[in-house]
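The lines below spell out each chain.
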Amino acid sequence: MLILLPPSEGKAGQGDGPPLDLGRLSSPALNPTRELLVDRLVELCADEDAAVKALKLPASARHYVQAGRTLRTAPTLAAWELYNGVLYDRLGLGDLPDGEQVFIASPLWGLLRPSDRVPPYRMPMSTRFAGLDTLAKLWRPAVADVLGARDELIVDLRSGTYAQVWGPKDRGVAVRVFKEDADGGRTVVTHMAKATRGEVARALLAGGARPESAADLADFLAGQGWKVELSEPATRSKPWQLDIVST
């Protein structure tokens, strides 16, 4: 089993480790694209007004301009410490035993293992650089090289933005979270969905789960108390859909 996670907008303020060393990150096949994007982000952040616009920074996040300027020299921290949004608060990667079952999607780094050390940064998937494809297209071939040859079940907890980069086809299970009202109507509540995805990932990792199929995954989560609904993929190019429904 491999779990794919999204990054979080919420991040720790600063690291305390050595500066960025791309050669020490996992998945070295991603390094040419990482190198390109680090260069372009540093260049962009040399102009504060341009960076604020391109990175869609609110006033409270303008410190990320300086973070971008110093990307190569700033102290780093492990990815499990860096991301601290709702999903990661519920997941609690720091006290789980097996980070090798996890990849974190990232617009800047492509994929990270929880132990990979990077500096704080801000670069949404929607960021555009002059003369380059969209980030989804730019990452697609490199990420496919890393993930495409894997044959285990892939539990995809990413949002749709990151699923545009690469999809696991029918050996993956895309997990969606809905809230059901008294009339049977369903809505997506973003905060709740993030929290539930974190709880699902934690249950799988802390429980030592090793599902080999979508049905195994659905059975495990149902046994943990979630109401789940599993749907077969429409074609082999699509993942299974597993809906978690709360009331």
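Look a little higher up for the structure.
Please read these numbers as outputs of a predicted model, since none were measured by experiment. (Residues numbered from 1 in each chain as written. Predicted model: local features only at pLDDT ≥ 70, side-chain atom pairs only at ≥ 80, totals over all residues. Heavy atoms only, no water.)

**Student:** Give me the lowdown on the overall build of the chain, citing residues and values where you can.
**Tutor:** A count of helices and strands for the chain gives 9 helices and 10 strands. Taking 2.2 N^0.38 as the reference for a compact globule, 247 residues should give roughly 18 Å; the C-alpha atoms of the chain span a radius of gyration of 18 Å, in line with that estimate. Taken over 247 residues, the chain has a buried fraction of 51%. Of all intrachain contacts in the chain linking residues separated by at least 6 positions in sequence, the fraction that spans at least 24 positions is 68%. (Helix = DSSP H or I, 4+ residues; strand = E, 2+ residues; numbered from the N terminus. Rg over C-alpha atoms; globule rule 2.2 N^0.38 Å. Buried < 20%, exposed > 50% of the residue type's maximum accessible area, 1.4 Å probe, protein only. Contact = heavy atoms within 4.5 Å.)

**Student:** Before we move on, could you go through helix H6 (residues 135-147) and cite the residues and values that matter?
**Tutor:** The end-to-end C-alpha distance of H6 is 17 Å, a good match for the 18 Å that 13 residues give at a rise of 1.5 Å each. Along its length, H6 shows its largest kink, about 40°, at Pro 141. Tucked into the core, H6 has its buried residues touching strand S1 (2-5), helix H1 (31-45), strand S3 (102-106) and strand S4 (110-112). (Expected span 1.5 Å × (residues − 1). Bend = angle between axes of the 7 residues up to and from the residue.)

**Student:** So what's going on with the nonpolar core? Residues and values would help.
**Tutor:** Generally speaking, a soluble globular protein has its nonpolar side chains buried in company with each other. In terms of nonpolar packing, the biggest core is built from 78 residues, with Ile 3, Leu 5 and Trp 109 touching the most fellow members. A total of 8 residues in this core trace back to one element, the largest contributor, which is H6. When neighbours within four sequence positions are excluded, Leu 5 is seen to be in contact with Leu 87, Tyr 88, Leu 91, Val 102, Phe 103, Ile 104, Ala 105, Leu 157, Arg 158 and Ala 201. (Core = buried A, V, L, I, M, F, W, Y, C linked by side-chain atoms within 4.5 Å.)

**Student:** Hey, could you go over the pairing of strand S7 (residues 172-180) for me, with residue numbers and the actual values?
**Tutor:** Note on strand geometry: in a regular strand, side chains alternate between the two faces of the sheet. Extensive coverage of S7 is indicated by the burial of 7 of its 9 residues. With 3 bridges joining them, strand S6 (residues 154-156) and S7 adopt parallel strand pairing. When the bridges of S7 are listed, Asp 156 appears paired with Ala 174. Examined bridge by bridge, S7 and strand S10 (residues 240-246) share 7 bridges and lie parallel to one another. Along S10, the bridge assignment pairs Ala 174 with Gln 241. Note that S7 and strand S8 (residues 186-187) share 2 bridges and pair antiparallel. If you follow Glu 180 over to S8, its bridge partner there is Arg 186. Between S7 and S8, which pair antiparallel in sequence order, lie 5 residues; one of them, Gly 184, sits at a positive phi of approximately 90°. (Pairing = 2+ DSSP bridges.)

**Student:** I'd like to hear about the side chain of Glu 180, residue by residue, with values.
**Tutor:** Looking at where Glu 180 falls in the secondary structure, it is placed in strand S7. Of note is the side chain of Glu 180, whose polar atom sits 3.2 Å from the side chain of Arg 186. With residues near it in sequence (within four places) discarded, Glu 180 still touches Gly 185, Arg 186, Lys 227, Val 245, Ser 246 and Thr 247. (Polar contact = N/O pair within 3.5 Å; in protein donor to acceptor, adjacent residues only side chain to side chain.)

**Student:** Give a description of the environment of Arg 117 that names residues and reports values.
**Tutor:** For Arg 117, the position within the fold is in strand S5 (residues 117-118). Separated by 24 residues in sequence, Arg 117 and Pro 141 have C-alpha atoms that sit 23 Å apart. If near-sequence neighbours (up to four positions away) are discounted, Arg 117 is found in contact with Asp 16, Gly 17, Pro 18, Leu 20, Leu 25, Thr 76, Leu 77, Ala 78 and Glu 81. A polar side-chain atom of Arg 117 sits 2.9 Å from the main-chain carbonyl oxygen of Thr 76.

**Student:** Outline the environment of Val 38, supporting the account with residue identities and numerical values.
**Tutor:** Inspection of the secondary structure puts Val 38 in helix H1. Classification of Val 38 by relative accessible area gives buried; the value is 0%. As a C-alpha pair, Val 38 and Gly 23 span 15 residues in sequence and 14 Å in three-dimensional space. With residues up to four places along the chain from it excluded, the contact list for Val 38 reads Leu 20, Leu 71, Arg 72, Leu 108 and Trp 109.

Read these as layout, nothing more, since geometry by itself doesn't imply function.
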